Amino acid sequence: MVLSLDEAVRTLVHDGDTVALEGFTHLIPVAAGHEIIRQGLRDLTLVRMTPDIVYDQLIGAGCARKLVFSWGGNPGVGSLHRFRDAVVHGWPAPLEIEEHSHAGMTNRYVAGASGLPFAILRGYSGTDLVGNNPNISTVTCPFSGQEVAAVPAVNPDVTVIHAQRADPSGNVQLWGITGIQKEAALAAGRVLVTVEEVAETLEPVPGQVLLPGRIVDAVSVVPGGAAPSYAHGYYERDNSAYQAWDGISRDREAFNTWLEEQIGVPAAGGT
Amino acid sequence: MTTVTWTSDEIMTVTAARALEDEMSCFVGIGLPSTAANVARRTHAPGLWMVYESGTLGTVPDHLPLSIGDGVLADTADTVVPVPEVFNYWLQAGRIDVGFLGAAQIDRYANINTTVIGDYSSPAIRLPGAGGAPEIAASCGEAIVIMRHSRRAFVDQVDFVTSVGHGRGKGDRERLGLRGAGPTRVITDLGVLEPDPDTGELVLTGLHPGVEVEQVTQATGWGLLVAENVIPTPAPTETELSVVRSLTGNRQP
């Protein structure tokens, strides 16, 4: 149950998998993302509502074949330049994209967690997302005749999240902004959770989400594993790191240097 | 007597803040919308109920967050709900009065693009994408757009409709089943545009101090209609400016 991060990623994440590393600004599993880069995984379909700098890094490192998302930016700073470079120039590899709104992605996870084939919502009507994404359709309510949007469930092969604490049985506790992590975990075939610490007993916290150990495949203890995002009650968001990423990610050479020096892997693409 | 001066971003922020009424519920995006909403709450609208899409409902941050999910938003919220509840129970169910949006491009019917510049399949510039915006523009009681005025941003037709304003004119929102009123005001660093009640086309209805009508029409990429009575924006008060500056630390809002 409790594995090293290296072993957990090796066991649970494979080439070609659909992988969701979720976290809505808070508790982003950054260290696990870096381990995926380090192990050289390829052809991943990356799913996330808000791909931010760790997805920019995975894309720039050549791990991704496809991105399924609803907002791809550096929160509060601007654009993701490795993502941009992959979409506009195919560097270091072409990136297929499937694009939704937050409301659509949210409901795709809810359907996935619920064992349903698709979700309905009021959304997308009149937008150009409709014609550009075959995974956005409509369905007529059999009771009222109203037409509503329909999106397929998303069921990642593996979901990776970061949480504050787990106990030795693998029960996981997270609190603060809990985002979409519960749904992303319940929708997945396999679940890897990195945590700040393992505690003998999990003292209840107001507003907590508790993921029972029976749905968690591996817990890895990675203190600081969400940095430069934050872990409520443990450490703050490092806003300066997000601002600094803008400069690193704009330039292929600076990115490749970052990859070699910070992650310890050779660059995927020449400049 | 001292002369009060302000930047174009400051008058835009103050004008946007004034558009919010006390006790309204407001879906807030990061950047200019967040600054404006926090200015409103510290001046004329102390009961403004701010919602950020990270799930923080009724948050009262003591400083401006950099992201929609900063810890200060959770620490000071009435409650923090999971993301599906924000979009389904609060936004979709019609519980939010006003949505505040920014945009890379807007067109004469206030349709909004935050997705790509150029062709979707081979874009010149890839932007972050939709996020919460399509459903904020669809389901809030009304939407207010805040963006800097330029011909690059105010275009005859957006390259990609990320969020629907007034479609191709009056009646389109009803036909599409969009329940909110859509963009009722576009607030820029030059003035205020509002949709014509009969056609849905944006019309210049307000002008900030020192700005000429011609400046606005020249910064707009279509033949902008001008209302008969263009209302001058009252100058920012010293209180409003000091609140803006205390929040932004004299940075760009």
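This write-up is about the structure you can find in this document. (Residues numbered from 1 in each chain as written. Chains lettered and ligands numbered in written order. Predicted model: local features only at pLDDT ≥ 70, side-chain atom pairs only at ≥ 80, totals over all residues. Heavy atoms only, no water.)

Points about the pattern of salt bridges
What counts is decided by this rule: We define a salt bridge as a side-chain nitrogen of Lys or Arg found within 4 Å of a carboxyl oxygen belonging to Asp or Glu. Numbering goes from the N terminus for both helices and strands, where a helix is a DSSP run of H or I of at least four residues and a strand is a run of E of at least two. Any residue under 20% of the maximum accessible area for its type is buried, any over 50% is exposed, and the rest in between are partly exposed; the area is computed with a 1.4 Å probe on protein chains only.
Tallying each qualifying case throughout the model produces 20 salt bridges over all chains. Glu 35 of chain A is the salt-bridge partner of Arg 38 of chain A, the closest N and O atoms lying 2.9 Å from each other. With Arg 38 of chain A and Glu 35 of chain A both in helix H2 (residues 30-38), this residue pair falls 3 residues apart, about one helical turn. Judged by relative accessible area, which is 39%, Arg 38 of chain A ranks as partly exposed. Judged by relative accessible area, Glu 35 of chain A falls into the buried class, the value being 8%. Between Asp 107 of chain B and Arg 168 of chain B there is a salt bridge, and its shortest N-O distance comes to 3.5 Å. Of this pair, Asp 107 of chain B sits in the loop between strand E6 (105-106) and strand E7 (112-113) while Arg 168 of chain B sits in the loop between strand E10 (142-146) and helix H6 (172-176), placing them 61 residues apart in sequence. Take Asp 107 of chain B: its relative accessible area is 1%, and that puts it in the buried class. Arg 168 of chain B gets classed as partly exposed once you look at its relative accessible area, which sits at 45%. One salt-bridge network, held together by shared partners, links Arg 65, Lys 66, Glu 96, Glu 98 and Arg 108 of chain A.

Digging into helix H9 (residues 252-263) of chain A
Residues and elements named next belong to chain A. As a reminder, the rule being used: By this rule, a helix spans an expected 1.5 Å times one less than how many residues it contains. Think of it as the arc spanned by the lines of direction from the helix axis to the C-beta atoms. Whether two residues are in contact is decided by their heavy atoms: any pair within 4.5 Å suffices.
Between its terminal C-alpha atoms H9 stretches 15 Å, which fits the 16 Å expected from 12 residues at 1.5 Å a residue. Taken residue by residue, H9 has Phe 255, Asn 256, Trp 258, Leu 259 and Ile 263 as its buried positions. The buried residues of H9 occupy an angular sector of 155° when projected down its axis, which confines them to one face. Opposite its buried face, H9 presents the exposed residues Glu 253 and Glu 261, each directed more than 90 degrees away. Next to the buried residues of H9 lie H2, helix H3 (53-60), helix H4 (81-89) and helix H8 (239-250).

With respect to unusual backbone geometry
Residue and element names in this part refer to chain A. In this structure, the amide linkage connecting Trp 91 to the following residue, Pro 92, adopts the cis form with an omega of 0°. On the secondary structure map, Pro 92 appears in the loop between H4 and strand E6 (96-99). Backbone torsion omega between Ala 227 and Pro 228 reads 15°, so that peptide bond is classified as cis. For Pro 228, the position within the fold is in the loop between strand E14 (218-221) and H8. A positive phi angle, close to 55°, is found at Leu 27, a residue other than glycine.

A few points about the packing of aromatic side chains
The criterion, for reference: In this analysis, rings of Phe, Tyr and Trp, with Trp reduced to its six-membered ring, are considered paired at centre separations within 6.5 Å, and the interplanar angle assigns stacked below 30 degrees, edge-to-face beyond 60, and tilted for intermediate values. Here, a charge over a ring means that NZ of Lys or CZ of Arg falls within 6 Å of the ring centre while also lying within 35 degrees of the ring normal.
One pass over the structure, following the stated rule, counts 9 aromatic pairs over all chains. A centroid spacing of 6.3 Å and a plane angle of 45° characterise the contact between Phe 27 of chain B and Phe 87 of chain B, whose relative ring orientation is tilted. With Phe 27 of chain B in strand E1 (residues 25-28) and Phe 87 of chain B in helix H4 (residues 83-92), the pair connects residues that are 60 residues apart, well separated along the chain. What makes Phe 87 of chain B buried here is its relative accessible area of 1%. Taken together, Trp 245, Phe 255 and Trp 258 of chain A form an aromatic cluster joined through their ring pairs. Over the aromatic face of Tyr 242 of chain A sits the side chain of Arg 237 of chain A, whose NZ or CZ is 3.8 Å from the ring centroid.

What about the interface of chain A and chain B?
The criterion, for reference: Each of two parts loses accessible area, computed with a 1.4 Å probe, when they are put together; buried area is these two losses added. Definition of a polar contact: a pair of N or O atoms within 3.5 Å, with one able to donate and the other able to accept a hydrogen when the atoms are protein atoms, and with sequence-neighbouring residues admitted only if both atoms are side-chain atoms.
Taken residue by residue, the interface counts 47 residues in chain A and 41 residues in chain B. For the pair chain A and chain B, the summed buried surface comes to about 3,500 Å²; carbon and sulfur atoms form 61% of the total. Joining chain A to chain B, the criterion identifies 1 salt bridge. Linking Arg 126 of chain B and Glu 99 of chain A is a salt bridge whose minimum nitrogen-to-oxygen distance equals 2.5 Å. Applying the counting rule to chain A against chain B returns 18 residue pairs in polar contact (both at pLDDT 80 or more). Elements with a minimum of two residues in the side of chain A that touches chain B: strand E5 (78-79), H4, E6, helix H5 (102-114), helix H6 (129-132) and H8 of chain A.

A few points about empty space enclosed by the protein
We count it as follows: Using only the protein atoms, space was sampled on a 1 Å grid; points where a 1.4 Å probe fits but cannot get out form cavities, open sets with protein on both sides within 12 Å along at least five of seven lines form pockets, and lining residues are those with an atom within 4 Å of a point. Grid points are joined across faces, edges and corners, and a volume is the space filled by probe spheres set on the points.
This structure, assessed with the given rule, holds 2 cavities of 30 Å³ or more. Reported here for the largest cavity is a volume of approximately 40 Å³. Lining of the largest cavity is provided by Ala 103, Leu 121 and Arg 122 of chain A together with Phe 87, Asn 88, Leu 91, Gln 92, Glu 135 and Ser 139 of chain B. Those elements that place two or more of their residues in the lining of the largest cavity are H4 and helix H5 (133-139) of chain B.

Some words on the packing of H2 of chain A against H3 of chain A
Residue and element names in this part refer to chain A. Cut-off, in case you're wondering: Fitted lines through C-alpha atoms serve as axes, helices being fitted only where they are in contact, and the angles separating the N-to-C directions of these axes extend from 0 to 180 degrees. Orientation is classified from the angle alone, with under 35 degrees giving roughly parallel, over 145 giving roughly antiparallel, 65 to 115 giving roughly perpendicular, and any other angle giving oblique. Each residue gets one label: Ala, Val, Leu, Ile, Met, Phe, Trp, Tyr, Cys and Pro are nonpolar, Asp, Glu, Lys and Arg are charged, and the others, such as Gly, are polar.
As a packed pair, H2 and H3 sit with axes 10 Å apart at the nearest point and diverge in direction by 0°. Comparing the axis directions of H2 and H3 gives the class roughly parallel. Across the interface between the two elements, Val 30, Gly 33, His 34, Ile 36 and Ile 37 from H2 touch Val 54, Gln 57 and Leu 58 from H3. Counted by class, the contact of H2 with H3 contains 5 nonpolar, 3 polar and no charged residues.

Side note on the nonpolar core
Using the following cut-off: Nonpolar cores were defined as sets of buried Ala, Val, Leu, Ile, Met, Phe, Trp, Tyr and Cys residues, with membership established by side-chain atoms within 4.5 Å.
With 88 residues, the main nonpolar core has Tyr 109 of chain A together with Leu 20, Phe 27, Leu 48, Phe 100, Ile 106 and Phe 154 of chain B as its most contacted residues. Ranked by residues supplied to this core, first place goes to helix H2 (residues 32-42) of chain B with 5 residues. Those residues in contact with Tyr 109 of chain A that sit more than four places away from it in its chain are Ala 20, Glu 22, Val 47, Arg 48, Met 49, Val 154, Pro 156, Ile 180, Glu 183, Ala 184 and Ala 187 of chain A. Among the nonpolar cores identified, the runner-up in size contains 44 residues, and Val 9, Ala 86, Val 222 and Val 265 of chain A belong to it.

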